[in-house]
Amino acid sequence: MARDLTDQVVVITGASSGIGAATAVACARAGMDMVLSGRDAARLDDVARQVRATGRGAETVAGDITDAGLNTRLLDTAAARFGRFDVVLANAGYGFKRPMHETGEAELRRIFEVNFFAASALLCEAARRLIAVGRRGHLLMTSSAVAKFTLVNFGAYSATKAAQNHVCRALRLELHPHGIEVSSVHPITTRTGFFRRADEYVGQPTEPALPFGRAPAWFTQPPERVAEAIVRCLRRPRPEVWTSFTTRLAAGLMTAFPRMADVIGRRVGD
Ligand SMILES: NC(=O)c1ccc[n+]([C@@H]2O[C@H](COP(=O)([O-])OP(=O)(O)OC[C@H]3O[C@@H](n4cnc5c(N)ncnc54)[C@H](OP(=O)(O)O)[C@@H]3O)[C@@H](O)[C@H]2O)c1
């Protein structure tokens, strides 16, 4: 039976734009209250206004996800305002396109701090709190399709997403006895601020090209599609959330046939 999300409380990081913002609105429409986080306080407030317009409650906590104590503040805010949290989506993240051997150590450490360490720490703290009070819950991370393969010049980003995928797998096995669900989300190219930010980061276009040219509009998706898939997963929990069966199948084939993965990987993103 599908779970009723009415009056459940969700904490979402990276909620000021893109997939996080769309998921906030989708969760509100499903009847959930929430705590939203991101660095841009003005955009965060705008998303919170959209949530409140549906009749649901929204608190915002602005800050860098790597700030000491931010994860704790997010969960404390949920407890103070709504009495608890049921769902946590660690979604904040960014990417850049650069050959691995030209990626500086500081750059590599920073992307792991944001995409991997902060997200892992949040879900682990949430798990400890749920276990302490004997509550069930659902923990999710926005990973990526490139958790399963990589493309030329996307090594650092893909590595963070693969690491997220493994952490979710481990947590899912370990938290099963406590009745806590864990899911990783694997979007394909999604029309958000992600690629603009990545372009700004390296000073050149970032969006991966396909073997037959740049990704056409039909091969990309709006963030609302990911948001709807996440809400479906909250209703009927599953290990991984995918919005493209073709890409999921291709990821499986690339794992089984690494030489083929190299041929595709060299062409895509070049
Ligand atoms: N777009 C895609 O094609 C795609 C595909 C697969 C996976 N993803 C993943 O989806 C997630 C969301 O990305 P998006 O596509 O929605 O891009 P986006 O529109 O750029 O959103 C990224 C979000 O993360 C937040 N963020 C980034 N760095 C942060 C930091 N240091 N501290 C706190 N918040 C931070 C941003 O908030 P502020 O700017 O306000 O801090 C923003 O809310 C990311 O984890 C990304 O890797 C995206």
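Here the structure is a predicted model, which is why all the values come from computation and not from measurement.

## Considering the layout of surface pockets
There is about 160 Å³ of room inside the second largest pocket. Within the residue set of the lining of the second largest pocket, elements represented by two or more residues are α1 (18-29) and α7 (223-235). If you tally residues by element for the lining of the second largest pocket, the top one is α1, at 6 residues. Here the lining of the second largest pocket is composed, by residue class, of 6 nonpolar, 2 polar and 3 charged.

## Describing the site of the ligand
Close to the ligand lie 32 residues, the nearest being S16, R39, Y157, T190 and T192. Separating an oxygen atom of the ligand from a side-chain N or O atom of S17 is a distance of 2.8 Å. Contact between the ligand and R197: an oxygen atom at 2.8 Å from a side-chain N or O atom of the residue. About the coverage of the ligand: the protein hides 98% of its 870 Å² of free accessible area. Listing elements by their share of the shell around the ligand, those giving two or more residues are α1, α4 (105-133), α5 (155-175) and α6 (194-202). Counting residues per element, the shell around the ligand draws most heavily on α6, which supplies 3 residues.

## As for the packing of helix α3 (residues 70-82) against α4
The interhelical angle for the contact between α3 and α4, taken along N-to-C directions, is 40°, at an axis separation of 9 Å. What the angle tells us is that α3 and α4 run oblique. When you trace α3 past α4, the crossing you get is right-handed. For the pair α3 and α4, the contacting residues are N71, T72, L75 and D76 in the first and A118, A121, L122, E125, A126 and R129 in the second. For the contact of α3 with α4, the residue count by class is 5 nonpolar, 2 polar and 3 charged.

## Focus: the packing of aromatic side chains
One pass over the structure, following the stated rule, counts 6 aromatic pairs. When the ring of Y94 is compared with that of Y201, the centres are 6.1 Å apart and the planes differ by 45°; the resulting orientation is tilted. Remark: Y201 occurs in helix α6 and Y94 occurs in the loop between β4 (87-90) and α4; sequence separation between them is 107 residues. In this structure Y94 comes out as buried when scored by relative accessible area, which is 16%.

## Considerations on unusual backbone geometry
Although it is not a glycine, D7 sits at a positive phi angle of roughly 70°. Within the secondary structure, D7 is located in the segment before β1 (9-12). A positive phi angle is found at N153, which is not glycine, with a value near 75°. Looking at the secondary structure, you find N153 in the loop between β5 (137-142) and α5.

So, how was this worked out
Residues numbered from 1 in each chain as written. Predicted model: local features only at pLDDT ≥ 70, side-chain atom pairs only at ≥ 80, totals over all residues. Heavy atoms only, no water. 1 Å grid on protein atoms, 1.4 Å probe; cavity = no way out; pocket = protein on both sides within 12 Å on 5 of 7 lines; lining within 4 Å. Points joined across faces, edges and corners; volume = space filled by probe spheres on them. Helix = DSSP H or I, 4+ residues; strand = E, 2+ residues; numbered from the N terminus. Nonpolar A, V, L, I, M, F, W, Y, C, P; charged D, E, K, R; others polar. Near = heavy atom within 4 Å. Polar contact = N/O pair within 3.5 Å; in protein donor to acceptor, adjacent residues only side chain to side chain. Areas by Shrake-Rupley, 256 points an atom, 1.4 Å probe, with all protein chains shown as cover. Axes fitted to C-alpha atoms, helices over the stretch in contact; angles between N-to-C directions. Parallel < 35°, antiparallel > 145°, perpendicular 65-115°, else oblique. Left-handed = near helix turned anticlockwise from the far one by under 90°. Contact = heavy atoms within 4.5 Å. Phe/Tyr/Trp six-rings, centres within 6.5 Å; stacked < 30°, edge-to-face > 60°. Buried < 20%, exposed > 50% of the residue type's maximum accessible area, 1.4 Å probe, protein only.

Remember, this is a structural readout, not a statement about activity or role.
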